[in-house]
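# Structural features, examined
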Amino acid sequence: MSVTIKLPDASKRDYEKPVSCAEIAEDISPSLARAAIAASVDGKMVDLAAEISDGTHELRLLTSRDAEALEVLRHSAAHVLAQAVVRRFGRDVQYTIGPALMDDYQYGFYYDFDLPRPLGHEDLETIEAQMRKIVAEKIPIERIGLPVAQAKARFAELGQDYKIEMIDDLVRDEAVEAVSLYRQGDFLDMCRGPHLPDTGRLGKAFKLLTTAGAYWRGDENNKMLTRVYGIAFFDGKDLKEHLDRVEEAKKRDHRVLGKQLGLFMLSDEVGPGLPLWLPKGSILRMELEGWLRDELLKRGYQSVITPHIGKIHLWKTSGHYPYYEHGLFPTMKTGDDDESGYLLKPMNCPFHIQIYKSSQRSYRELPVRLSEFGTVYRFEQSGELSGLTRVRGFTQDDAHIFCTPQQLEAEIESCVALTKLCLETLEMNDYRVRIGLRDPDDAKYVGSGENWDRAEQNIRNVVRKVGLDYTEEVGEAAFYGPKIDFVVKDCIGRDWQLGTIQVDYNLPERFSLEYIGADNSPHRPVMIHRAPLGSPERFIGILIEHFAGAFPLWLAPVQVAVLTVSDKFNDYAEKIRDDLRAAGIRTDLDNSPEKIGAKIRKATMAKVPYMAVIGAREQEASTAAVRARREGDLGAMAVGQFVDALKREIETKGKHTLLNKGG
RNA sequence: GCUGCUGUAGCUCAGUGGUAGAGCGCGUCCUUGGUAAGGACGAGGUCAUGGGUUCGACCCCCAUCAGCAGCCCCA
């Protein structure tokens, strides 16, 4: 028997007998042996202690420089956490699962426990202290392969019912006969690994962050466990950087900035999830919606306006009612039967469908594109509400396109282009595209399989044609059809769906929609439900975070702050303000008895794009000393010149600015 | 909805079983100052709401409401 090891530098090593990865590392260099965390053999991650026997194998020794090694570190951190919790609670704790998190913005690992009592802040400190002790003890982490029956017996001795359940599932789903366990001193867990060679290698750069509830197996019908979240790195510097970055990101939280900048408010008196737009926030909406309205007109959309409530049967016909009753505000009853009530609308489509049906449609009219900024109401679970991104009353930049099957893909394509235009105009380039498909096993999806297959194929054809990078996700479709979603992350890494394009063969059937074709006989149109922003509420919430409240000039609630050096120049400053306002520039005057430095600071913190400083020199020369939010003093300009430059920057949405002149 | 944490002035927060404080903001006055904080004085709070324990509750207990984190959900 002989073993040949191929290393990443293409060198080879031969051994006469089975050899562990750790031994090979030692042979190469003692420093590598010390730095090694785990290994990759033929592309598979293993422990350093893993033995390689017979044959030729490719080996990579993983150190803290390898991305995979961080995952091992965090996974072991989860085990150390579990060991600490077991030491604290003994047989009263059941430990379940504890993975590493590599893509999460805040957290690096967690472990879910079934505990006799809730954990508080002090508990986290105690547990973290115990973890540091376990690290100091440098307990070896050993892998043990055991037949299923023996493994179950061991966990039965330890009173770990969840582990037994997990083993049973592995036997059922994967027909395993043996499982791998990891032991570190007094702690035993079932795990695929790999892990650090000993607990000492976890080091000091870890921290427990928070506790939260989490359902066992993610099912709300199961018991809620206690999840402990933490973060771990190889280097204390990385840990600090991470914590600082999360802290910094929280400063751009739209809920914080919305309050600071006076954009919107939520009131206990009004109700949860029902935002009130303050004057400055209303500007954002008016500018954004106004711009989009113009773009829609250019693209042949027609504007419609529909009411906020309608008869309940509309949503019974559409299919919303039976599946989403829990998400609706309670029905307004007008009689004793179930049919005669009104519903606060959860979506606009039944109304737009009625408008489509209001006259006989010829194929010559199609596509009919009916658009509306329609406000809808959904009774979201209280635990879901969050600032502007998840609310109970929100507007959709909605439209429904009714077209022939032949026109469908071109229409989808133009919706994709419009959505991209929205994101690009606002410099939001950090998004992903998700295609939501139905889950054939889920009963909530209406309509025939053929309709779904057709619609899914239409969508794939378009995204391939326009070359979008996308992922397909089963179970993410709307109940009536598949969709293309544009998904962005908020300041703490949570995903939010913004723009959406949904293909629907089903509602036209349910509402018996028709058009008269060239053959003089009725045909069924296809519908597209689409919202390029998704919802102005959510979109602006994300937008606030994207710009950290420092909006481009065309959106800025206050575009220019006129600041007087002393009140001797109030009259001239008022004239400048009035001139700017007359030119359509949103301008505020600060003639308070403060020094100019304080006024500049105040306007800067309010994130006003431009300031016009007015003193004796400016008054004499009929100029304004212009200052930009970020760049500082730009020197004096004639007022007319300033206005022209501002207008140009506004009209070009920032492509030509006072600074770059546009090129 | 579930689990946990939190709720004190407009905002951010400190605080104590014996009826409350800071900074910012706000108001008045002084200062008339040239590119990120001039000074003085002052007004502002049923300590989320409702019960309970106590001689006495902002503080302890319970409930409700709301916020935050996570889970589940999301047309």
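## Here's the deal with the pattern of salt bridges
All told, the structure shown has 44 salt bridges when counted by the stated rule. Among the salt bridges present, the one from aspartate 66 reaches arginine 60, with a minimum N-O distance of 3.4 Å. Linking glutamate 289 and arginine 285 is a salt bridge whose minimum nitrogen-to-oxygen distance equals 2.8 Å. Separated by four residues within a single helix, glutamate 289 and arginine 285 lie in helix α9 (residues 279-298), roughly one turn from each other. For the residue pair glutamate 289 and arginine 285, the accessibility class agrees, reading buried in each case. Among the charged side chains, a salt-bridge network with shared partners connects Glu165, Asp169, Arg172, Asp173 and Arg217.

## What to know about the side chain of glutamate 456
For glutamate 456, the position within the fold is in helix α14 (residues 449-466). The contacts of glutamate 456, once residues within four sequence positions are left out, are Leu437, Arg438 and Pro482.

## Let's talk about the layout of surface pockets
When its volume is computed, the largest pocket comes out at roughly 1500 Å³. Surrounding the largest pocket, 47 residues form its lining, Arg378, Glu380, Arg390, Lys483 and Gln497 being those nearest its centre. Of all the elements in the fold, those that place two or more residues in the lining of the largest pocket are α11 (320-324), β21 (393-403), β22 (431-437), β24 (483-489), β25 (495-504), β28 (526-531) and α16 (536-546). Classifying every residue of the lining of the largest pocket gives 18 nonpolar, 15 polar and 14 charged.

## What about the domain arrangement of chain A?
As far as domains go, chain A holds domain 1 (3-62), domain 2 (67-248), domain 3 (264-305 + 367-546) and domain 4 (560-651). Between the C-alpha centres of domain 3 and domain 4 there is a distance of 41 Å.

## What to know about the protein's contact with RNA strand B
Taken together, 59 residues sit near RNA strand B, with Tyr215, Met347, Ser382, Glu384 and Val565 positioned nearest. For RNA strand B, the backbone makes up 47% of the atoms found within 4 Å of the protein, where backbone means sugar plus phosphate. One of the side-chain N or O atoms of lysine 568 is found 3.1 Å from a sugar or linking oxygen in RNA strand B. With respect to RNA strand B, the backbone of alanine 616 contributes an N or O atom lying 2.7 Å from a base oxygen. For the surface near RNA strand B, the secondary structure elements donating two or more residues are β13 (206-215), β14 (224-232), α8 (254-260), α18 (596-605), α19 (616-621) and β32 (623-628). Of the residues forming the surface near RNA strand B, the biggest block, eight residues, is contributed by α18.

## Describing unusual backbone geometry
Trans is the common state for peptide bonds, and a negative phi is the common state for residues other than glycine. Across the junction of glycine 193 and proline 194, the peptide omega takes the value -5°, indicating a cis bond. With respect to the helices and strands, the residue proline 194 is situated in the loop between β12 (187-190) and β13. Between leucine 366 and the following residue, proline 367, the backbone shows a cis peptide bond with an omega angle of 0°. With respect to the helices and strands, proline 367 occurs in the loop between α12 (349-357) and β20 (368-377). With a phi angle near 50°, aspartate 42 is a residue other than glycine that sits in the positive phi range.

## Digging into the environment of leucine 278
Structurally, leucine 278 is set in the loop between β16 (276-277) and α9. In sequence terms leucine 278 and serine 340 are 62 residues apart; their C-alpha atoms lie 37 Å from each other. When residues no more than four places from it in sequence are discounted, the contact partners of leucine 278 are Gly262, Leu263, Phe264 and Met265.

## Some details on the packing of aromatic side chains
By the definition in use, this model includes 15 aromatic pairs. Between tryptophan 291 and tryptophan 554, the ring centres sit 6.1 Å apart and the planes meet at 65°, which makes this aromatic pair edge-to-face. In this pair, tryptophan 291 is assigned in helix α9 and tryptophan 554 in the loop between α16 and β29 (560-564), connecting sequence segments 263 residues apart. Of the two residues, tryptophan 291 and tryptophan 554, neither departs from the other in class, the shared state being buried. With a centroid separation of 5.7 Å and 50° between ring planes, the pair formed by tyrosine 431 and phenylalanine 486 is classed as tilted. Taken together, the residues tyrosine 431 in strand β22 and phenylalanine 486 in strand β24 connect sequence positions 55 residues apart. A residue is classified by how much of its surface remains accessible, and tyrosine 431, at 23% relative accessible area, is partly exposed.

## Focus: the sheet that holds strand β8 (residues 94-95)
The four strands lie next to each other as β8-β9-β14-β13, forming an open sheet whose pairing is antiparallel. The open sheet terminates on both sides in strands that have one partner only, identified here as β8 and β13. The sheet contact formed by β13 and β14 spans nine bridges and is antiparallel. By the bridge assignment, threonine 211 is partnered in β14 with valine 228. Here helix α4 (residues 121-137) sits on the sheet and contacts β9 (109-114), β13 and β14; the angle it forms with β13, its principal contact strand, is near 125°.

## Quick notes on the state of the cysteines
Considering all chains together, one arrives at zero disulfides under this definition. Of all cysteine sulfurs in the structure, the one in cysteine 415 sits closest to cysteine 422, which takes part in no disulfide; the separation is 11 Å. According to the relative accessible area criterion, cysteine 422 is buried, its value standing at 0%.

## Thoughts on a negative patch on the surface
Negative charge collects at one region of the surface, where Glu23, Glu26, Asp27 and Glu51 lie side by side. For the negative patch, the leading source of residues is helix α1 (residues 21-28), giving three residues. Position of glutamate 51 among the secondary structure elements: in strand β6 (residues 51-52).

## What about the pairing of β22?
Where a strand is regular, its side chains alternate between the two sheet faces. Most of β22 is tucked away: five of the seven residues are buried. Sheet topology places β22 next to β24; six bridges connect them, and they run antiparallel. Opposite arginine 432, over in β24, you have valine 487 as the bridge partner. Direction of pairing for β22 relative to strand β23 (residues 470-474): parallel, over a ladder of five bridges. Each residue of the ladder has a partner; that of glycine 436, found in β23, is glutamate 473. For the crossover that starts at β22, traverses α14 and ends in the parallel β23, the hand is right-handed.

Rules of the game
- Residues numbered from 1 in each chain as written.
- Chains lettered and ligands numbered in written order.
- Predicted model: local features only at pLDDT ≥ 70, side-chain atom pairs only at ≥ 80, totals over all residues.
- Heavy atoms only, no water.
- Salt bridge = Lys/Arg side-chain N within 4 Å of Asp/Glu carboxyl O.
- Helix = DSSP H or I, 4+ residues; strand = E, 2+ residues; numbered from the N terminus.
- Buried < 20%, exposed > 50% of the residue type's maximum accessible area, 1.4 Å probe, protein only.
- Contact = heavy atoms within 4.5 Å.
- 1 Å grid on protein atoms, 1.4 Å probe; cavity = no way out; pocket = protein on both sides within 12 Å on 5 of 7 lines; lining within 4 Å.
- Points joined across faces, edges and corners; volume = space filled by probe spheres on them.
- Nonpolar A, V, L, I, M, F, W, Y, C, P; charged D, E, K, R; others polar.
- Domains from an automatic or database assignment.
- Near = heavy atom within 4 Å.
- Polar contact = N/O pair within 3.5 Å; in protein donor to acceptor, adjacent residues only side chain to side chain.
- Phe/Tyr/Trp six-rings, centres within 6.5 Å; stacked < 30°, edge-to-face > 60°.
- Pairing = 2+ DSSP bridges.
- Axes fitted to C-alpha atoms, helices over the stretch in contact; angles between N-to-C directions.
- Disulfide = S-S within 2.5 Å.
- Patch = residues over 30% accessible without salt bridge, like charges linked within 9 Å, V, L, I, M, F, W, Y side chains within 5 Å.
- Areas by Shrake-Rupley, 256 points an atom, 1.4 Å probe, with all protein chains shown as cover.
- Lys, Arg positive; Asp, Glu negative; His and termini not counted.
- Charge placed at Lys NZ, Arg CZ, Asp CG, Glu CD.
- Right-handed = clockwise from strand over helix to strand, strands pointing away.

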